Amino acid sequence: MTCNKKEDQLIRYLLTILEQTEAAKIENHLSSCQTCQKRYERLQKTRGLLRTWKPVDPPPDLQQKVMDDMRAQKIIEEKSFKKSSFISAEGETKETQTESEKTAPMVLCKKMSNYKITAFASAAVIIVGIVLGVNFINKSSTPGVAWGELVEKMESIDFYSFKSQSISMDSKSNTYGFVTQQVDRYYISRDGFRIDHHYPWIFYDSITYASWLDKTFISTFPEIKKYTRILLTDEYINRMHFREDPRRFIKEFMSYNYTRLGRKNIDGQEVEGIEINDPKFRKFRFEDCIAQIWVNVTTNLPVLFELEGTSGHGTVETKMVFDNFNWEGEYDSRLFEPDLSGYRLMAEVESMPIHEATAIEALQRFSQLADGKYPRSLDHIHTRREVNNLYYRMYKERMGKGHLFWEDEDFDWEGYTSLHSLLNATCIFYAELFTTDKDVVYRGEKVAADDAALPLMRWKIADDMYRVLFGDLRIEDVSKAQLIELEEAFES
Amino acid sequence: MADKNDDQLMRSLIERGDFEAFGELLKRHEKPLFNYIVRRIGDFHRAQDIFQETFYRIFKHRKSFNPEYHFHTWAYRIAANLCIDELRKGGRDLEVPLEDIRPNQNPHPTSSHTNSHKTSPHPTLEENLFKKELEEKIKNLVEALPEKLKSVFILAEYQGFSCPEIATILEIPLGTVKSRLHHSFKQLLRVIENRGITNDMQ
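What you see is a predicted model, and the numbers here were worked out from it, not measured in a lab.

Basis of the calculations
- Residues numbered from 1 in each chain as written.
- Chains lettered and ligands numbered in written order.
- Predicted model: local features only at pLDDT ≥ 70, side-chain atom pairs only at ≥ 80, totals over all residues.
- Helix = DSSP H or I, 4+ residues; strand = E, 2+ residues; numbered from the N terminus.
- Buried ≥ 20, exposed ≤ 12 C-beta atoms within 10 Å, placed from the backbone.
- Contact = placed C-beta atoms within 7 Å.
- Axes fitted to C-alpha atoms, helices over the stretch in contact; angles between N-to-C directions.
- Parallel < 35°, antiparallel > 145°, perpendicular 65-115°, else oblique.
- Nonpolar A, V, L, I, M, F, W, Y, C, P; charged D, E, K, R; others polar.
- Pairing = 2+ DSSP bridges.
- pLDDT = per-residue confidence, 0-100.
- Core = buried A, V, L, I, M, F, W, Y, C linked by C-beta atoms within 7 Å.

Caption draft 1: Main features of the overall build of chain B. Across its full length, chain B holds eight helices and zero strands. Order of helices (α) and strands (β) in chain B, N terminus to C terminus: α-α-α-α-α-α-α-α. By the burial criterion, 32% of the 202 residues in chain B qualify as buried. Summarising the internal contacts of chain B: among those between residues at least 6 apart in sequence, 64% fall at separations of at least 24.

Structure, rendered in structure tokens:
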């Protein structure tokens, strides 16, 4: 009976939370007391039972999501307007620099990094802050940028390259933000474009080539020597042509009123900036929007283009950065012609018409693979990654961990490539609704196939008429008042 | 990267904002840390958000990392605090079973260190079912522990932390850790014996 008291001690011994001397005593006792030996075995067995609760596998895209968050954070920390310092021809460098860092850049940075903690400050206040901060600047005596000629000068260039990043943050979502686009190098020429993607985690790097002459869109995976090809129709080429070219943005922005920002230095280049804060400018895509263009004073060509805008009633903030421009490179057509020797063609499909029917088919195909979910956003590069995640997950479940679908002999390359093609056309369809001012909203993050009564996407088809695509992909045309009612669900 | 230890990686992250070092830390700690969060809050989906937020904070606050601590205790402390916030915020019933874990999330129960069943290399359907049910029962029991006991028990028994490490992570005295660990085990032992839960199929 005295041994009953020892149960507590045995548990402590098992869990190694006994003092050394006590533990030694128990060990001693165990070697001589059969009752306690049995008891101890029972405890060990129970502990073993408790350990049958096994760990689960994290979702396959979790690491990627975290890295996206971090990139967003890193861009906020380093890439914002604060990076470079102003210089002034009249030796006011120090003062100007301090002032500039205190006002324009910091307001934006702070807004980006604290957005979750505090409600968004009104964009109007921010715009005022920037204007106050920079208005006094330019007293430079050297000739400035000829802004009126910028568009013409840019358009006369046949070939250039740059880096692009775009982050969106949704203060209503639990995640802190995600990089929707991250392209290491973008090459644009009159005959097509090329995008170099580097995926640090699960996926292979890929290089995509769009050629207007060959009418093809080729995606290559150099590490495994495979490629896919989408044959482009003329309709597709005509409508895609300039879509990927940031000169299009800049041209559009230059048609609005702007404020001069004066001069500063970016990576050793003397630049002059303007900021677009014309109220009419918001109609372009966002509810509120600020853009800055910084142009090299010697070459008269852009060095940095940044845009920050809010949408979704102030809850979604987007920041786009185009930088690392190279306007002076020699045009080399080989850059746009993939060397496919030794490569295997895995699939060839045709581009899809840019039409709502294509969008419906794309969303349907996607949701069938994704347990009823839809792509988070209809952005070309972002949907591409989502499709990759989807296939990765499917193959992992089927084939076991560490299995990369690209390496699988039976992989459905045809289905994979046609889904990309469908989504490409959908992204263009969506982007065109944007640029033609159709008040388009897409809610792939909030609406799933089960949500038959919720609007997944909507756009204006007449003055008081909206076309609504519901969660179950049914289409209905409704009045503005009806639409407001339908969208009440998202207000809370 | 792979040959560096966590603290070296953390140093390159602090000093140079090293992308790759961060990635390596993420890779190393993903599975255990994610599982810690899943076990604490009992929801696979919300666990993803908390996991993302944990690493977001690690990166954002990297400069406030105290090198006297180890990376993993610091990371778990951040995660533990986020879990507590989440549990408070939701005001959710802490005894919610882990039903939210989609059954297909772990379609290969023998994939990692699950090879406890050594009698046959090809367990029968019945055996698998039994194991699955057993795991479910255990999961529900641990889930039902009071929050204070559960937080210690999970770190000790599933994450393999020592008592001093747990004291650092949860910011409670060492003695408290030991007594909570002891209590939680006793409580579980009692329920398991009362309900006659065993891993014998008969």
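Caption draft 2: Inspection of the overall build of chain A at higher detail. Helices and strands together make up the secondary structure of chain A, namely 14 helices and 16 strands. For chain A, the proportion of its 492 residues judged to be buried stands at 39%. The long-range share in chain A, meaning contacts at least 24 apart out of those at least 6 apart in sequence, stands at 58%.

Caption draft 3: Spotlight on the packing of helix H6 (residues 147-158) of chain B against helix H8 (residues 174-194) of chain B. Residue and element names in this part refer to chain B. Contact geometry of H6 with H8 gives a least axis separation of 8 Å together with a crossing angle of 95 degrees. The angle between H6 and H8 falls in the class roughly perpendicular. Where H6 approaches H8, its residues Lys148, Leu149, Lys150, Val152, Phe153 and Ala156 are matched on the opposing element by Val177, Arg180, Leu181, His183, Ser184 and Gln187. Of the residues contributing to the contact of H6 with H8, the split by class is six nonpolar, three polar and three charged.

Caption draft 4: Region of interest: the sheet that holds strand E14 (residues 455-462) of chain A. All names here are of chain A. Taken together, four strands build an open sheet; the order of strands is E13-E14-E15-E16 and the sheet is antiparallel. With partners counted over all chains shown, the strands left at the sheet margins are strand E13 (441-442) and strand E16 (475-479), one partner each. Both E13 and E14 contribute to a ladder of two bridges, which runs antiparallel. Each residue of the ladder has a partner; that of Val441, found in E14, is Arg458.

Caption draft 5: Summary view of the pairing of E16 of chain A. Residue and element names in this part refer to chain A. Across five bridges, strand E15 (residues 465-470) lies against E16 in antiparallel orientation. For Val468, the partnering residue across the bridge sits in E16 and is Glu476. Hairpin connection of E15 to E16: four residues between the antiparallel strands, including Leu473 at a positive phi of 70 degrees.

Caption draft 6: Spotlight on the confidence of the model for chain B. All names here are of chain B. The predicted model of chain B averages 80 in pLDDT, with 82% of residues at 70 or higher. Confidence over residues 91-120 falls short of pLDDT 50; this stretch has 36 contacts with residues more than four positions distant or in other chains. Reported confidences for the modelled complex are a pTM of 0.52 and an ipTM of 0.80.

Caption draft 7: Broad picture of the nonpolar core. Residues and elements named next belong to chain A. Among the nonpolar cores identified, the biggest contains 74 residues, and Ala291, Ile293, Val295, Phe429 and Tyr430 are the most heavily contacted of them. It is helix H13 (residues 413-435) that contributes the most residues to this core, 11 residues altogether. Discounting residues that sit within four places of it in the chain, Ala291 has contacts with Phe253, Glu275, Ile276, Glu306 and Leu307.

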